[in-house]
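What follows is each chain in one-letter form.
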Amino acid sequence: NLKKTASMVDGQVGFHRPENVRRCKIAKNNTIVRQLEKSKEELHPDLAQEQQARMREIQKQNKAQRILDQKKKKMEELERKREKEERSYDRIVGGETSVSDMNGTAD
């Protein structure tokens, strides 16, 4: 029995057959309504300030993560350099301690 057309606003509801709609009246319990009104709190937060605080928090987290990534990358680079030095023959074959047969001093 619900009717929804394109011209209706979001949340608006109509009925195809209004005579099929059942309506009933309910008595208000004023004591409960008064208690609810007394305990009701209306908050008016400064949404722009909350958003800025949240953005600062996200930026701090991103900065901390970026610093950790940079440290990790630097440690990996140092480890690669160390491994490269261990595998290279430059410290064994290099400088004046090694003599080559290419000098032309063959007997």
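Residues numbered from 1 in each chain as written. Predicted model: local features only at pLDDT ≥ 70, side-chain atom pairs only at ≥ 80, totals over all residues. Heavy atoms only, no water.

Student: How would you explain the overall build of the protein chain if you had to name every residue and give the values?
Tutor: Along its length, the protein chain carries 2 helices and 2 strands. Written out in order from the N terminus, the α and β elements of the protein chain read β-β-α-α. For the protein chain, buried positions account for 2% of its 107 residues. (Helix = DSSP H or I, 4+ residues; strand = E, 2+ residues; numbered from the N terminus. Buried < 20%, exposed > 50% of the residue type's maximum accessible area, 1.4 Å probe, protein only.)

Student: Residues and numbers for a nonpolar patch on the surface, please.
Tutor: Side chains of Leu2, Val13 and Phe15 sit close together on the surface and give an oily, nonpolar patch of about 290 Å² of accessible area. As for its placement among the helices and strands, Leu2 is situated in strand E1 (residues 2-3). By relative accessible area, Leu2 is classed as exposed at 59%. (Patch = residues over 30% accessible without salt bridge, like charges linked within 9 Å, V, L, I, M, F, W, Y side chains within 5 Å. Areas by Shrake-Rupley, 256 points an atom, 1.4 Å probe, with all protein chains shown as cover. Salt bridge = Lys/Arg side-chain N within 4 Å of Asp/Glu carboxyl O.)

Student: Which residues make up the pattern of salt bridges, and what values go with them?
Tutor: Overall, the coordinates contain 4 salt bridges when judged by the stated rule. Across the pair Glu79 and Arg82 runs a salt bridge whose closest N-O atoms are separated by 2.4 Å. Note that Glu79 and Arg82 are positioned in helix H2 (residues 47-87) at a spacing of 3 residues, about one turn of the helix. Given the relative accessible area of 34%, Glu79 is considered partly exposed. For Arg82, the salt bridge goes to Glu86, with nearest N and O atoms at 2.5 Å. One end of the pair, Arg82, and the other, Glu86, are both in helix H2, 4 residues apart, so they sit about a helical turn from each other.

Student: So what's going on with the confidence of the model for the protein chain? Residues and values would help.
Tutor: Summarising the model, the protein chain shows a mean pLDDT of 87, and 87% of its residues fall at 70 or more. Ranking the elements of the protein chain by mean pLDDT puts E1 last with 86 and H2 first with 96. (pLDDT = per-residue confidence, 0-100.)

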